[in-house]
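# A structural walkthrough
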Amino acid sequence: MSLKSPKESFLILIGSILFSYFLISALAGGINISGTAILKQALQTKNDRMTAGKIDFTASFLSESLKFPTNFYYISGDKRIIYTEDGAGSSVMSLNSLEASSSLLKVEYLPGEILVKFKTSAKVNNATGAKTYLNSLATKNKKISTVLETKKVFPSAKSTRFGLENIYKIKVERKEGLLHQIGEIKKDSNISYVEPNFLYKVAVTKELDVPETKKILPAVPKVLKSQEPQQLLTVTPNDPRFNEQWAHQNIESQFAWDVHQGSPSIIIAIADTGVDYNHEDLNTNMWLNSNEIPGNGIDDDNNNYVDDYRGWDFVGNNIWNPVADNDPMDELGHGTHVAGIAAAVTDNNIGIAGMCWYCKIMPLKIGDGSGYVSGDAGATAWYYAVQ
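Residues numbered from 1 in each chain as written. Predicted model: local features only at pLDDT ≥ 70, side-chain atom pairs only at ≥ 80, totals over all residues. Heavy atoms only, no water.

Grouped together as the largest cluster of nonpolar side chains are 45 residues, with contacts concentrated most on Ile114, Phe118 and Phe314. Setting aside residues no more than four positions away along its own chain, isoleucine 114 makes contact with Tyr168, Lys169, Ile170, Val172, Leu178, Ile182, Ile185, Val194, Glu195, Pro196 and Asn197. (Core = buried A, V, L, I, M, F, W, Y, C linked by side-chain atoms within 4.5 Å. Buried < 20%, exposed > 50% of the residue type's maximum accessible area, 1.4 Å probe, protein only. Contact = heavy atoms within 4.5 Å.)

Structure, rendered in structure tokens:
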């Protein structure tokens with residue numbers, strides 16, 4: 001899958017889970033985070049603005065603001081902990097103390113799974129090579145478990161300066177003491193980084209009533225506040241629930257719609273719990289992969305995803321036992337909600353108004369029916385979208 005006309009088409013990535021609800025949730029817990037190493041790698045593919053330096057973290061369970069290097073790990077849960085990439089480098093909470101603190105801190109990651117990036121010096125070129133290399137470490141160091149399975153996180157990645165082709169998801173035989181195993185593996189000079197396969201959870205809240213004072217649109221045309229010369233508001237969509245969409249009233253979307261309402265050449269990737277692509281207020285705006293012939297069982301566009309005509313499901317029904325397929329249908333409703341905010345079909349006398357009236361929605365399912373998302377699924381989906 002590729003976007004044929006980069007000058008005429010561009011991609012808006014909505015990290016609706018991993019960079020909105022997840023990060024907002026993290027901030028609510030008192031920690032400012034930048035992301036795990038693998039998610040940083042995925043972002044660097046499109047945006048090479050991650051730089052070395054120091055970031056301030058204020059942890060709710062500590063009484064002071066601490067400084068850690070940018071290469072840190074974030075573990076999500078009811079309580080949150082942070083530690084440096086090199087494992088034992090933190091003077092506050094080292095890798096060896098994390099699991100000892102499990103009675104106080106809930107750590108969320110997939111049991112028995114780790115994500116490893118090899119340096120080029122390791123000369124690991126495929127999943128078999130990764131398994132062989134790590135099992136050789138386990139033979140020498142009994143603190144490291146035997147590797148059962150390995151797979152590339154970015155199977156279609158070629159040799160790049162970001163080294164995405166060197167990142168693997170590893171399943172180990174011994175699930176207990178996973179953080180200790182990570183610390184031992186990281187000691188190897190041919191390992192760039194290693195981390196758990198972190199879990200995230202979609203923040204689902206009940207629908208809130210819109211205050212009556214926010215529902216009412218101005219009865220007369222408004223004048224733009226900042227443009228010269230001034231011009232009158234002209235665009236008001238006929239969607240029956242538009243008056244209930246407080247966000248549009250708050251940010252005055254209509255002034256933007258006076259200038260532009262979006263274009264089918266703009267593709268919005270919704271990396272979330274999937275999207276109900278049959279929804280009456282979305283189906284007209286659903287993206288379709290023109291380079292793929294649906295249902296023929298062939299990877300027509302050579303992107304390592306067979307029959308990805310309408311997007312991809314990276315997790316299946318259960319994050320604990322993920323089975324990917326080509327049906328990104330939403331099982332929870334969160335992704336569909338986000339897709340509607342972004343690009344519901346607008347001015348069609350149905351439902352709500354999307355921010356982008358005519359943009360296309362690319363559904364990428366990275367969350368299961370319970371709203372859980374793994375780090376590797378999110379990173380892989382982002383890479384799929386920018387290919």
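More follows now that the structure is in view.
Turning our eyes to something else, we now look at the sheet that holds strand E9 (residues 191–201). On the basis of which strands lie adjacent, the open sheet formed by five strands has the order E7-E8-E6-E9-E13 and antiparallel pairing. Looking at the sheet topology across the chains shown, the edges are occupied by strand E7 (147–152) and strand E13 (372–374). Pairwise comparison of adjacent strand axes, ignoring direction, gives a mean angle of 25 degrees for this sheet. As paired strands, strand E6 (residues 109–118) and E9 are joined by six bridges and run antiparallel to one another. Residue pairing for E9: tyrosine 109 is matched across the bridge by phenylalanine 198. Each of E6, strand E8 (167–172) and E9 touches helix H5 (residues 178–186); the most contacted strand, E9, lies at about 155 degrees to it. Strands E6, E8, E9 and E13 of the sheet are contacted by helix H10 (residues 375–386), whose axis makes an angle of about 70 degrees with E13. (Pairing = 2+ DSSP bridges. Helix = DSSP H or I, 4+ residues; strand = E, 2+ residues; numbered from the N terminus. Axes fitted to C-alpha atoms, helices over the stretch in contact; angles between N-to-C directions.)

Our next topic: the packing of aromatic side chains. Considering all chains together, one arrives at eleven aromatic pairs under this definition. Each ring, one from tyrosine 305 and one from tyrosine 384, has its centre 5.0 Å from the other, and the planes form 85 degrees; the classification is edge-to-face. Of this pair, tyrosine 305 sits in the loop between strand E10 (266–272) and strand E11 (312–313) while tyrosine 384 sits in helix H10; the two residues are 79 residues apart in sequence, bridging distant segments of the chain. Using a relative accessible area of 7% as the deciding quantity, one classes tyrosine 305 as buried. (Phe/Tyr/Trp six-rings, centres within 6.5 Å; stacked < 30°, edge-to-face > 60°.)

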